[in-house]
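# A look at the structure
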Amino acid sequence: MNFQILMEDVEVEGIDQFAAVLIFLTSFVGFACNTFIAFYITRLSLLRNSFGRLLQLQAAGDAVFVLVWAFYFAPVLFFDIKPLQSLGVASRFAQLCLICYDISIYTHLVISLNRFISLYFPTSYQTIFTDRFTTFLICAIVLVSFGFSWFLVIVDCKMGFSIPRWMLDYVSPPCEMVNVYYAEFFRGLIVISMFAITNSFTFCRMHMHNRKKQSESTFETTQQKKRRAVETAFVQQVTLQGLLYVLELVTYFYVALFFPVPLEPKALSESSNRWPNFLLTTYAWILVHALDGVITLIFNKQFRNVLRHPFRSQATLNASKTPSRRSRFVTNRDDSNRKKSSILACTFISNSNTGYGSSVHV
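Here's what I pulled together on the structure shown here. (Residues numbered from 1 in each chain as written. Predicted model: local features only at pLDDT ≥ 70, side-chain atom pairs only at ≥ 80, totals over all residues. Heavy atoms only, no water.)

## Focus on the side chain of Thr281
With respect to the helices, strands and loops of the structure, Thr281 is situated in the loop between helix H9 (274-280) and helix H10 (282-299). With a relative accessible area of 1%, Thr281 lands in the buried category. If sequence neighbours within four positions are ignored, Thr281 has contacts with Met167, Tyr252 and Ala256. (Helix = DSSP H or I, 4+ residues; strand = E, 2+ residues; numbered from the N terminus. Buried < 20%, exposed > 50% of the residue type's maximum accessible area, 1.4 Å probe, protein only. Contact = heavy atoms within 4.5 Å.)

## Focus: the packing of aromatic side chains
All told, the structure shown has 28 aromatic pairs when counted by the stated rule. Considering the side-chain rings of Phe133 and Phe136, the 6.3 Å spacing of their centres and the 25 degrees angle between planes classify their relative orientation as stacked. You can see Phe133 and its partner Phe136 sitting in helix H5 (residues 131-154), 3 residues apart, about one turn around the helix. Overall, Phe136 belongs to the exposed group, its relative accessible area being 53%. (Phe/Tyr/Trp six-rings, centres within 6.5 Å; stacked < 30°, edge-to-face > 60°.)

## Focus on the pairing of strand S2 (residues 167-170)
Going residue by residue along S2, you find Met167 and Asp169 tucked away on one face and Leu168 and Tyr170 tucked away on the opposite face as well. Inspection of the sheet shows strand S1 (residues 159-162) paired to S2 by 4 bridges, in the antiparallel sense. What sits directly across from Phe161, in S2, is Leu168. (Pairing = 2+ DSSP bridges.)

## Some thoughts on the environment of Asn199
Relative to the helices and strands, Asn199 is located in helix H6 (residues 177-215). Residues Asn199 and Gln241, 42 residues apart in the sequence, show an inter-C-alpha distance of 9.8 Å. Ignoring any residue separated from it by four or fewer positions in sequence, one finds Asn199 in contact with Ser112, Val238, Thr239 and Gly242. Within the structure, the side chain of Asn199 is placed 2.9 Å from the side chain of Ser112, a separation counted as a polar contact. (Polar contact = N/O pair within 3.5 Å; in protein donor to acceptor, adjacent residues only side chain to side chain.)

## Some words on the state of the cysteines
One pass over the full model with this rule turns up 1 disulfide. Covalently, Cys157 is tied to Cys175 through a disulfide, its sulfur atoms 2.0 Å apart. On the sign convention where negative is left-handed, the bridge of Cys157 and Cys175, at about 85 degrees about the S-S bond, is right-handed. Residue Cys157 is located in the loop between H5 and S1, and its partner Cys175 is located in the loop between S2 and H6; the two are separated by 18 residues in the primary sequence. Since its relative accessible area comes to 2%, Cys175 is described here as buried. For Cys100, which is in no disulfide, the shortest distance to another cysteine sulfur is to Cys97 and amounts to 6.7 Å. (Disulfide = S-S within 2.5 Å.)

## A word on unusual backbone geometry
Of note in the backbone geometry, Asp156 takes a positive phi value of approximately 65 degrees without being a glycine. For Asp156, the location among the structural elements is in the loop between H5 and S1. Taking the relative accessible area as the measure of exposure, Asp156 reaches 36% and is therefore partly exposed. Its identity is not glycine, yet Trp166 carries a phi of approximately 55 degrees, on the positive side. With respect to the helices and strands, the residue Trp166 is situated in the loop between S1 and S2. Look at Trp166 and you get buried, because its relative accessible area is 0%.

Structure (structure tokens):
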């Protein structure tokens, strides 16, 4: 989308402040949820593994993204802070948002592959997603995300915050929008399509497995049913989060085109498309990062237990079975049973490289 930054001295009105309040409230909720996940995920033994570390990186990226919108863009819009509206300041915060967005989508892709491998190759999961390999993946995600953001800086594509449009716009000229198309939209489309396809295969496999287990429910133990519920929740969480990113990409780059808005400030303030365009672009971009944290809390009972009992010790939170039951569960598990009874291997396979034990508890 070839937008030009509106650099005129525009006065903020009541409707602009209402948009700022909406941005702040949504961003603040997302910041609270994602920050909670990033800090408390280490307290849960169920998530002390590759999946948990990747989930922590995703939450951290989302938290920083919505933090910028809550405590920079929203106040700048609400209070009309002129010095902070300059391109030099806004472009740096915009670059930070792009870095966090890339961290989020790349982490989603790796998490989708994590779920896919744990589903189709449960006995090989621990060998593939070792602690060292997970560290390598995290470093690669961060470095690639920084690299693409600096590519746009090198080709002189900077983003500023447009007060009338309530959104981040590329300054064109000097920015050639073809660079933005390939660096942001086309690349994002490929990455999001990859984890959407991966999640589809994973979800279908999980659905088939659940139907098979339901037909054999009379032979399942209570522990196996609980474990299957946890595994199903993990796959549903990843699938729903991936679907939201696909919808955000479609609304931002396609659906919003049906609600064009003029560039001239006065005509823009009178345009009936102003709010639909904002909700389909800026707000959709913020909302998908905020909902990442909300969805994680909804699908993970362990996080809700921490919220209900914030001062309970880590040992108490992680103790869902008596030691004798846990030891019997670990001792009696052999390779054939592991493949048969587990779909998401990371939910109960301990990582020998890290020394973290991960037992299922719901």
